[in-house]
Amino acid sequence: MRLGDYKALSFDCYGTLIDWESGMIEGLRELTARVGTDMSRDEILQAHARHESRQQAQTPGKPYRDLLPIVYKRLAEQWGVPFSQAECEEYGRSVRNWPAFVDSPGALQYLKKYYKLIILSNVDNKTFHYSNEKLQVEFDAIYSAEDVGAYKPSDRNFEYMNGHIGDLGLEPGDILHTAESLFHDHVPARKFGMANCWIYRRHAQAGFGATMTPSHEPTYDFRFNSMADLVKAHQEELRNGD
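So, a few notes on the structure that sits alongside this text. (Residues numbered from 1 in each chain as written. Predicted model: local features only at pLDDT ≥ 70, side-chain atom pairs only at ≥ 80, totals over all residues. Heavy atoms only, no water.)

## A look at the overall build of the chain
Then step 1. Counting its regular elements, the chain contains 11 helices and 6 strands.
Then step 2. A globule of 242 residues ought to have a C-alpha radius of gyration of about 18 Å, and the chain, at 18 Å, matches this closely.
Then step 3. With respect to the principal axes defined by its C-alpha atoms, the chain has extents near 60 × 35 × 35 Å.
Then step 4. When each of the 242 residues of the chain is scored for burial, the buried share is 52%.
Then step 5. Partitioning the intrachain contacts of the chain with sequence separation of at least 6 by distance along the chain shows that 71% fall at a separation of at least 24. (Helix = DSSP H or I, 4+ residues; strand = E, 2+ residues; numbered from the N terminus. Rg over C-alpha atoms; globule rule 2.2 N^0.38 Å. Buried < 20%, exposed > 50% of the residue type's maximum accessible area, 1.4 Å probe, protein only. Contact = heavy atoms within 4.5 Å.)

## As for the pairing of strand 5 (residues 195–199)
Then step 1. Among the 5 residues that make up strand 5, 5 are buried, leaving the element largely enclosed by the rest of the structure.
Then step 2. Burial along strand 5 is two-sided: the residues A195, C197 and I199 and N196 and W198 are all buried.
Then step 3. Direction of pairing for strand 4 (residues 175–179) relative to strand 5: parallel, over a ladder of 4 bridges. Pairing of L176 across the sheet is with A195, part of strand 5.
Then step 4. Handedness of the crossover joining strand 4 and strand 5 through helix 10 (residues 182–191): right-handed.
Then step 5. Pairing of strand 5 with strand 6 (residues 222–224) involves 3 bridges; the strand directions are parallel. Looking across to strand 6, one finds that I199 is bridged to F224. (Pairing = 2+ DSSP bridges. Right-handed = clockwise from strand over helix to strand, strands pointing away.)

## Some points on the nonpolar core
Then step 1. Y64, W98 and L111 are the most contacted members of the largest nonpolar core, which has 54 residues in total.
Then step 2. With 8 residues, helix 4 (residues 64–79) is the largest single contributor of residues to this core.
Then step 3. Setting aside chain neighbours within four positions, we find Y64 in contact with W20, M24, E52, Q56, V95, W98, N122, V123, D124 and Y151.
Then step 4. A8, L120, A141 and I165 belong to the second largest nonpolar core, which has 13 residues in total. (Core = buried A, V, L, I, M, F, W, Y, C linked by side-chain atoms within 4.5 Å.)

## Points about the pairing of strand 3 (residues 141–144)
Then step 1. Taken together, the 4 bridges between strand 2 (residues 116–121) and strand 3 define a ladder with parallel strand orientation. In the strand pairing of strand 3, I119 is matched with I142.

## Some remarks on the environment of V71
Then step 1. For V71, the location among the structural elements is in helix 4.
Then step 2. Taking the relative accessible area as the measure of exposure, V71 reaches 1% and is therefore buried.
Then step 3. C-alpha of V71 to C-alpha of E52: the two residues are 19 residues apart in sequence and 5.8 Å apart in space.
Then step 4. Apart from the residues lying within four places of it in its own chain, the contact partners of V71 are H48, H51 and E52.

## Re the pattern of salt bridges
Then step 1. As enumerated under the stated definition, the model contains 15 salt bridges in all.
Then step 2. The residue R2 makes a salt bridge to D5 at a minimum N-O spacing of 2.9 Å.
Then step 3. What makes D5 partly exposed here is its relative accessible area of 43%.
Then step 4. The partner of E26 in a salt bridge is R29, with the nearest N and O atoms 3.0 Å apart.
Then step 5. Among the charged side chains, a network of salt bridges with common partners joins D12, K152 and D185. (Salt bridge = Lys/Arg side-chain N within 4 Å of Asp/Glu carboxyl O.)

## Some points on unusual backbone geometry
Peptide bonds are, in most cases, trans, and in most cases residues other than glycine have a negative phi.
Then step 1. Residues K152 and P153 are joined by a peptide bond in cis, for which omega reads 15°.
Then step 2. The topology assignment puts P153 in the loop between helix 8 (145–148) and helix 9 (155–164).
Then step 3. Phi angles above zero are rare outside glycine, and Q136 is one such case at about 60°.
Then step 4. Within the secondary structure layout, Q136 lies in the loop between helix 7 (125–135) and strand 3.
Then step 5. Since its relative accessible area comes to 52%, Q136 is described here as exposed.

## Let's talk about the sheet that holds strand 3
Then step 1. Across the sheet, 6 strands lie side by side as 3-2-1-4-5-6; this open sheet has parallel pairing. Each edge of the open sheet carries a strand with a single partner, namely strand 3 and strand 6. Averaged over all pairs of adjacent strands, the angle between their axes in this sheet comes to 20°, without regard to strand direction.
Then step 2. The strands that helix 10 touches are strand 4 and strand 5; relative to strand 5, the one it contacts most, it runs at about 160°. (Axes fitted to C-alpha atoms, helices over the stretch in contact; angles between N-to-C directions.)

Structure below.
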């Protein structure tokens, strides 16, 4: 199996291309400062993952920018600290400030020369516009949770993508799904028989951070610790004439 066997890469965005964990920690800084006891970074992220996942399941049609304020409210209630509605709403807008991983723009610009690039993300379209500016590449298609009316790991997101890629002249076997989250992406991708590439951003850390623990560890066709490593592997294939 070769990276060059595929015509398109479908990407998760947050956690893979955008450093959502750092964005969350910064966006929650004022709230966590009110908690009387010290919490680790992972404790904060895991609490966020629980409330976010529950809310996504309960209100699958709610845009992400409107769902995050509820997550903020639930975190404040869990931690027993005061909060205001204005703070909740500001957190919902904070995604526009979440930074890209430093290697994401350059890697995407390189890969654009060889593949069609697709986004399959748990985000709303307005919010993704700000993230896309940081990624500095034009995607061939953007399939958002707002478009689908559901959040990954729902089957509906992958069904939606597979139902639309024909517009790009693609078939499901042409796509390598590329993502960090085992829970949101790799478990359902393998369920749909998709080839997959794990960008293991958290390789030096324990646990699953801002994502829920997957029901099982899925298999994967490729694994790299960064987007830069994916590019290096692709370049190596070209040099070797593979």
